[in-house]
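# Residue-level structural notes
Single-letter residue listing:
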Amino acid sequence: MAEIGKHVKPVERARDEPAAASARTVAACLAVSVAIVALICLVQVPKYAMPDDFMQDLYARGAYLDTPGFLMLYSLVGFSAPISWLYALLPAVPWYPVALLGLIAISFAAVGVTAVSARVPAPLKVFLAGALALCEVMATVYLTYTIVAFIACAAGVVLVLRRAAFCRPQGFRASDVLAFALIVEGFSLRPESGAAALVLFVPFLVWALACNRNARTMAFAVGVVAAMGLSYAAGQVAWRITPGWEEFQQTFKAAQAVADYPVVDYEDVQQVAPELSQTDVDMIYEFIFVDADTYSLETFQALDGVVEGYGLATMLAGMVARVSFTAFAFGLLVVLAATAGFICAARRLPAGACAVAWAIPALALAEFLLIFLRARLKIHVFLPVFIVALFALVVCCLIPARRGGDPRAERPLGVFLGRVVPAAGVLAYAAVLGLLWVTYVRPLQASLGNELTANTVAYLASHEDQLVLFTNTQGIVMNDDIFSFDAWQQPDNAVFIGGYEYYTPSWETFLAREGLTRDGFLLNLIDNDDMVTASYPEQAELIATYLSEHSGQTVEAERVETLGETTSGDEDVCIWRYRAA
């Protein structure tokens, strides 16, 4: 902090507050952001990128196992309650996807206003506008609540920083209401995303402490933390006092601490949970831990003690296993570093301000490495860090110029910085979009036409008296674009096995309806023609082994019908029954 203060002595430490953006600028940015989202939906309606979003949608509208409520699996009450109430008021409106798309449009409009109203050279404005537009396309075509939560929370922080990071804010503006609304809704949508987004803005807090220390700025900083803290507290209270949800958070977190981390060595498992077999452990990582007597809260808490959450060996193994993904991830960092360099060069920033700009890609690198340490090589985690880092770099355009002005800042940028670099920069962001489209979006959209879904729907319709357990294969039946899915109704005989829904009122509704319990739930599959699974062959064999171990009989998986191949064409999904030999 002292070092930054040393380098920024020539810089104004509390300049005049920037004027509010003109209505024309706000309207233009909002119109462009809405147009991007609308055009994408008109050309090709997106499909949710992750299975969790389908479940979020079902819970939001009370359609999962026909159990209305106002809480959701992965979102706090600050987001879930308003959406649920809107569904209750106007159920025909697809509120969940509309909310995600609306947050994207408003967030990018807010950051766009910040970029185009900054006092920076025109080529830099054009580059940032192009980069933001391309990132908005990325977030829309690869739509998932994780990315939206990052973006919304970050956009709110950008608006706060515009007001308070580099000056002593005066009064309260309408933009402050929007800023804190975005922070609350983004954080409530997915708290982990909101917290990770906030980390990328830490350099501006350091700047404010070193160069712009005043009570009002600190009040805004405290307000951001308080908004997140209150949202989190409200969510925890809501889960703990709502009937049917009382044990959800504790059990969900205990199970997640095992299932979402690298596979535990069985020798370590034997030390803390000797009652578990290798098969029992394998079932955890297939997310088939429905049986409460085998997979209790105490069991998961014991296993948590031997889970290696972050490890260098895990990181290196993940990098080697997916070299192309690792190269893509580090390519994103190169683009961010180049963006930081262009901003520093175009604005001719002093050393202290450059340190702030360069700290942002450095923090993005740190977050990437943490993800690698957990072996969570998922694009929906890396991509939002990249986008939010761009948001943070936009804020660097607001860092005040030298006191009295810098004569160099008035000079034209020249051909290289004024034309070549902005064009190359936009092409770099376009390349990221192209790789995202080819690698992830196009296969995702192609899956909408897979005959596997039609065959599955037909099987469910022709076997209404048979419970079909989808063992982490529910994506084959929940396979619609975001708007069509919002009208989808879960068939009564379709039961999803593979997640954390077991600990919610929806499962209580289902169990009461069928006269079942979660103790030994899977044992009901043995010699029961009224209960089958929709599984991959490897899953069916694993389940048969599990049933053999827990029933004391020799159980074999019997293929009843092949529903079809997955989009990648490398695996069949079949209907299986289980027979005792």
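Everything in this summary refers to the structure shown in the same document. This is a predicted model, so every value here is computed, not measured. (Residues numbered from 1 in each chain as written. Predicted model: local features only at pLDDT ≥ 70, side-chain atom pairs only at ≥ 80, totals over all residues. Heavy atoms only, no water.)

A few words on the pairing of strand β1 (residues 467-471). Taking burial as the measure, the 5 residues of β1 include 5 buried ones, the bulk of the element. The side-chain alternation of β1 yields two buried faces, one formed by L467, L469 and T471 and the other by V468 and F470. When β1 meets strand β3 (residues 531-535), the two strands line up parallel, connected through 4 bridges. Following the sheet pairing, L469 is matched in β3 by T533. Pairing between β1 and strand β2 (residues 494-497): 4 bridges, direction parallel. Looking at β2, one finds that T471 is bridged to I497. (Buried < 20%, exposed > 50% of the residue type's maximum accessible area, 1.4 Å probe, protein only. Helix = DSSP H or I, 4+ residues; strand = E, 2+ residues; numbered from the N terminus. Pairing = 2+ DSSP bridges.)

Glancing now at the packing of aromatic side chains. If you walk through the whole model with that rule in mind, you get 41 aromatic pairs. Ring centres 5.4 Å apart and planes at 75° place the aromatic pair F127 and F342 in the edge-to-face group. Taken together, the positions of F127 in helix α6 (residues 122-141) and F342 in helix α17 (residues 323-347) put the pair 215 residues apart, joining distant regions of the chain. Across the pair, F342 and F127 agree in class, each one buried. Ring geometry for W507 against F521: centres 5.5 Å apart, planes inclined by 65°, an arrangement best described as edge-to-face. Here F521 lies in the loop between α23 (505-514) and β3 and W507 lies in helix α23, a separation of 14 residues in the sequence. By the burial criterion, W507 is buried, and F521 matches it. R61 extends its terminal NZ or CZ atom over the ring of F485, reaching a point 5.5 Å from the ring centre. Between the NZ or CZ atom of R322 and the centre of the ring of F325, over which it lies, the distance is 4.5 Å. (Phe/Tyr/Trp six-rings, centres within 6.5 Å; stacked < 30°, edge-to-face > 60°. Lys NZ or Arg CZ within 6 Å of the ring centre and 35° of its normal.)

Another aspect to go through is a nonpolar patch on the surface. On the surface, L30, V34, I106 and L178 cluster together into a nonpolar patch covering about 280 Å² of accessible area. Inspection of the secondary structure puts I106 in helix α5 (residues 95-116). (Patch = residues over 30% accessible without salt bridge, like charges linked within 9 Å, V, L, I, M, F, W, Y side chains within 5 Å. Areas by Shrake-Rupley, 256 points an atom, 1.4 Å probe, with all protein chains shown as cover. Salt bridge = Lys/Arg side-chain N within 4 Å of Asp/Glu carboxyl O.)

Where helix α7 (residues 145-164) contacts helix α19 (residues 379-395), the two axes come as close as 9 Å, and the packing angle between them is 10°. Relative to α19, the element α7 lies roughly parallel. Judged by the twist between their axes, the crossing of α7 over α19 is right-handed. Residues T146, I147, F150, I151, A154, A155, V158 and L161 of α7 form the contact with α19, whose participating residues are H380, L383, P384, V385, I387, V388, F391 and V395. For the contact of α7 with α19, the per-class residue count stands at 14 nonpolar, 2 polar and no charged. (Axes fitted to C-alpha atoms, helices over the stretch in contact; angles between N-to-C directions. Parallel < 35°, antiparallel > 145°, perpendicular 65-115°, else oblique. Left-handed = near helix turned anticlockwise from the far one by under 90°. Contact = heavy atoms within 4.5 Å. Nonpolar A, V, L, I, M, F, W, Y, C, P; charged D, E, K, R; others polar.)

Next up on the list: the packing of α19 against helix α20 (residues 414-446). Running from N to C, α19 and α20 cross one another at 165°; their axes reach a closest spacing of 13 Å. The orientation of α19 relative to α20 falls into the category roughly antiparallel. Once α19 is placed against α20, the crossing between them reads as left-handed. Note on element contacts: α20 touches α19 through Y429, V432, L436 and Y440, opposite I379, L383, F386 and L390. Tallied by class, residues from the contact of α19 with α20 come to 8 nonpolar, no polar and no charged.

Spatial strand order, β2-β1-β3-β5-β4: 5 strands in an open sheet with mixed pairing. The sheet is open, and its two edges are formed by β2 and β4 (555-565), each paired on a single side. Between one strand and the next, the sheet's axes are offset by a mean angle of 30°, whatever the strand orientation. Where β3 lies against strand β5 (residues 572-580), 3 bridges are found, and the strand directions are antiparallel. Residue A534 lies in a different strand from β5, and its bridge partner there is I575.

Time to look at the pattern of salt bridges. Summed over all chains, the structure comprises 8 salt bridges. Notably, a salt bridge pairs D486 with R61, separated by 3.9 Å at the nearest N-O pair. Here R61 lies in the loop between α3 (51-60) and α4 (77-89) and D486 lies in the loop between α22 (482-485) and β2, a separation of 425 residues in the sequence. D486 gets classed as buried once you look at its relative accessible area, which sits at 8%.

A word on α5. Helix length check: α5, at 22 residues, gives a terminal C-alpha distance of 31 Å against a target of 32 Å (1.5 Å per residue), a fit within 8%. Extensive coverage of α5 is indicated by the burial of 18 of its 22 residues. (Expected span 1.5 Å × (residues − 1).)

A separate point is the side chain of T456. Among the structural elements, T456 can be located in helix α21 (residues 451-462). When sequence neighbours within four positions are dropped, the list of residues in contact with T456 reads F470, I476, V477 and L563.

A word on the nonpolar core. Formed by 214 residues in total, the largest nonpolar core has its most connected members in F201, F289, F386, F391 and W507. When residues in this core are grouped by element, the largest group, 16 residues, is from α7. Discounting chain neighbours no more than four positions away, the residues touching F289 are A255, A259, M283, I284, Y295, F300, G499, Y500, Y502, Y503 and R518. (Core = buried A, V, L, I, M, F, W, Y, C linked by side-chain atoms within 4.5 Å.)

The values reported here are purely geometric and, on their own, carry no functional implication.
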